Amino acid sequence: MIMENRNFIRTIIEEDLRSKKHAFPITRFPPEPNGFLHLGHARAILMNYHLAMEHGGYFNLRFDDTNPVKEDVLFVEAMKEDIAWLGCKWKNLLYASDYFEEMYQRAMLLVEKGLAYVCDLSAEEIKNYRGDLKTPGQNSPYRERSIEENRKIFEGMRNGEFADGERVLRAKIDMASPNMNLRDPIIYRIQRATHHNTKDQWCIYPMYDFAHPLEDAIEGITHSLCSLEFEDHRPIYDWFVKHCEMPNVPRQIEFGKLIIANQITGKRHIRKLVEEGIVEGWDDPRLITLSGLRRRGIPPKAIENFIKALGLPKSQGETEIEMFYEYVRDYLSVEARRVHGVIDPIKVVITNYPENQVETLEVPYHKDREAFGTRPVYFGRHLYIERDDFIEEKPNKKWKRLSLGIEVRLMHAYFIKANHVIYDEQGNVLEVHCTYDPETKSGSGFDARKPNGNIHFVEATTAKSVEVRLYENLLKQDSDSSAAIEERLNPSSKVVKHGFIEGAVSPEPAEAFQFTRLGYFALDKDTKDDQLVFNRVVELKSSYKLKK
RNA sequence: UGGGCUAUGGCCAAGUGGUUAAGGCAUCGGACUUUGACUCCGACAUCGGUGGUUCGAAUCCACCUAGCCCAGCCA
C-alpha cells in the first residue's frame, strides 16, 4: 500500500518553487496549547511537516498562545511529546508570545496610518453595532478618533490604565462588508491574566486574526495551512500582512480537516468522560488522542501512512476508523514479532506425553523476516489453547479447529487429536485430553496426513500469565450522532481477560506483537514486574463467518 | 440574490476539455497458506440535478438542489 495521493497544496508548492517565488517552503503547525492533540490533528502536523521536508524546506512548531486564560504549559509539553512521537522534527520551537512586542509595534503602525482605532464601546454594544449576516453594521462613534488620541489611548491600554474589557483596538476596514470578519475586527483586548510565558508583562493580548498572519510573516512562513473555517478570514489575513508592512508575504491555504466518524474528540466531551471515570484519562487507549493511540500501541508510522493515503482534500468528509485500523494492520503485519498468546484459555493434557518433560522448539519470530531471529517455544504434557478453538463435535465441514476425534496441528509443534473432555460443575469445558503423534513434528517434512487446521497453544508450566485488555469502539457501532454521548457508549468497549503468553518472550515497552491468529497487542504502562498487561491494538481480519 | 466554500461508487480520494473515470478502505468470488492473517488473481461508478458551449465535458458556462462555515473582547 502506502499510496500517497496527490493534493492541491503540493501542486501549489511545486508551482511556487518552479516559478522561483520561493526557494523552499517553510511551514508550521500552530496549535493553541489548550488541550490534547488527536488523530485529526495528525493530518495538519504530518502534512505541514512532510510537504516542507519533501521540497527541501523546513517546519516550525509554534504555539499560538495569545489567550492566557485558556492556555497552560502542561499542554505545550504534551503537544511537543505527541508531535515528536509522530516523527515530525521542528526546526524552530516558537511561541506567538515571543512576538508580542513586535505585534504591538505593528499595531501602533496601523494606528499611525489611521487604519486602527481605540473603541470604547462595550462588548454588548460592539455586537449590536456589528449588524448581522444580512444587515450591514454601523460605524462605531469612536471610529474617527484622531491618530494622536488613538496612539495615546492605545499606549495607555498597554500601560494598564484601563480595566479589562474597557477598551479595544480595532482595525478600520468596513462595517458594511458582507464578510463579517472585515467589520472592524478587534485586534487587541485588555485582559489581566498571567501568561505561561510572558507572565504579567502584558495586560493586552492580540486577537487571532491580527496575530496569526504576523506570526507567519515574521517567521517567513511561505505556505500557511489551516482548516476550511478560516477561508473567510483570508481577506483579513492578507489585509494585516499588507498594512502592517510585513516584509514576508505568507499565503494562507485552507484544507478540510480530518474527521473520524463515530469518535469522540471534543475537549468538553473527553473531559467529561474522564471526570466521570468512563475513560481512564486523556491517554485512554479507547480515545483517538495521540497519547491514547500511543498508549494503545499504535505505531506512529502507521498513522503517517494512513494520513498520506488520505491526502489533503479541499472538501470535508468523515473517514471510517476501520480504514485507519487497516493501515495499522498493514504496518504491523510486516513489523511485528509473532508470539503465541492464549486469551481465553482451556487446558489441554497430552496424555501420551511424559509428565515433567518439556521440549524446546526453535521458532522464527516472523516467517518472512529472518532478521527477527527465533525464540524457543516449549511443548509438554500440559498446554493451554483458546476456548474458541475447541468444540466437542465438529459443527460443519468448514470448521478448521479442534474437536473430539479430530486432528489439528499445534503450530510449530505436533498434530494432536482430542479424545476426551472434562467439564466443571457448570458444564464448561475445563480440560481436553488429547494424544499427540511424534511423527508429525513441525519441520520434519511429515505429510502423510493433513490436519484439520492449525491452532496456537502455550505450554502451561513455562507460560507467563498476562492481563489482556480488549478494546472495541467507545461508541456503539451505528450510533446516532445527534444522541447524547452517554446513550451512545458501547458497554463492551473494554473487556479484561487473563491469559498466557509464551514463557521465553520478553516484551519491550511500546512494542506491538502479533499474538498469532488473534491480533496485535502491546504492553501497557500498567505492567508491573509480576504482571504483564497488554492492550489489544487491533484484531486480525478474519474471513471466518461462523461466529456465534 | 448577505458572504465564503464543497458536491466523483457504502467510506476516503485522484482527475483542471480527448483516460477503458487512478488508488486505498469495505464488500463479493477464487488461488495460496503450519496465522480462517499476509500475499496473489478477479468483480465492483459515468462523476448532485437540468440545460447549454464543443467534433468531444467529471473537467467550460447557466440555472437549480443539498451540505458545511461566518454575527467571541476564542483559535
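A brief report on the enclosed structure follows. (Residues numbered from 1 in each chain as written. Chains lettered and ligands numbered in written order. Predicted model: local features only at pLDDT ≥ 70, side-chain atom pairs only at ≥ 80, totals over all residues. Heavy atoms only, no water.)

Focus on the overall build of chain A
Scanning chain A for helices and strands turns up 13 helices and 25 strands. Taking 24 Å as the expected radius of gyration for a compact globule of 548 residues, we find that chain A reaches 31 Å, considerably beyond that expectation. Its C-alpha atoms give chain A principal-axis dimensions of roughly 100 × 55 × 40 Å. Per-residue burial over chain A gives 56% buried out of 548 residues. Element-wise, carbon and sulfur atoms account for 49% of the exposed surface of chain A, whose accessible area totals about 25100 Å². In chain A, 77 positive and 86 negative side-chain charges are present, and the distance between their average locations comes to 4 Å. (Helix = DSSP H or I, 4+ residues; strand = E, 2+ residues; numbered from the N terminus. Rg over C-alpha atoms; globule rule 2.2 N^0.38 Å. Buried < 20%, exposed > 50% of the residue type's maximum accessible area, 1.4 Å probe, protein only. Areas by Shrake-Rupley, 256 points an atom, 1.4 Å probe, with all protein chains shown as cover. Lys, Arg positive; Asp, Glu negative; His and termini not counted. Charge placed at Lys NZ, Arg CZ, Asp CG, Glu CD.)

Re the protein's contact with RNA strand B
As a matter of local geometry, RNA strand B sits amid 66 residues, with N5, Y327, R338, S442 and Q514 nearest to it. Backbone atoms, meaning sugar plus phosphate, form 63% of the atoms of RNA strand B positioned within 4 Å of the protein. Backbone polar atom of H412 to a base oxygen of RNA strand B: 3.0 Å apart, as the coordinates give it. Among the elements of the structure, α5 (123–129), β6 (186–190) and α12 (321–335) are those that each provide at least two residues to the surface near RNA strand B. (Near = heavy atom within 4 Å. Polar contact = N/O pair within 3.5 Å; in protein donor to acceptor, adjacent residues only side chain to side chain.)

With respect to unusual backbone geometry
Even without glycine at this site, E245 takes up a positive phi of about 60°. In this fold, E245 is placed in the loop between α8 (234–243) and β9 (251–255). In this model, H412 sits at a positive phi of 70°, which is unusual for a non-glycine residue. Positionally, H412 belongs in the loop between β16 (407–410) and β17 (415–423). For H412, a relative accessible area of 29% gives the class partly exposed.

Structural notes on the side chain of N535
In this fold, N535 is placed in strand β25 (residues 532–539). Overall, N535 belongs to the buried group, its relative accessible area being 0%. In terms of polar contacts, N535 uses its side chain to reach the side chain of D524, at 2.7 Å. Excluding anything up to four places from it in sequence, N535 contacts P285, R295, R296, R469, Y471, Y520, F521, A522 and D524. (Contact = heavy atoms within 4.5 Å.)

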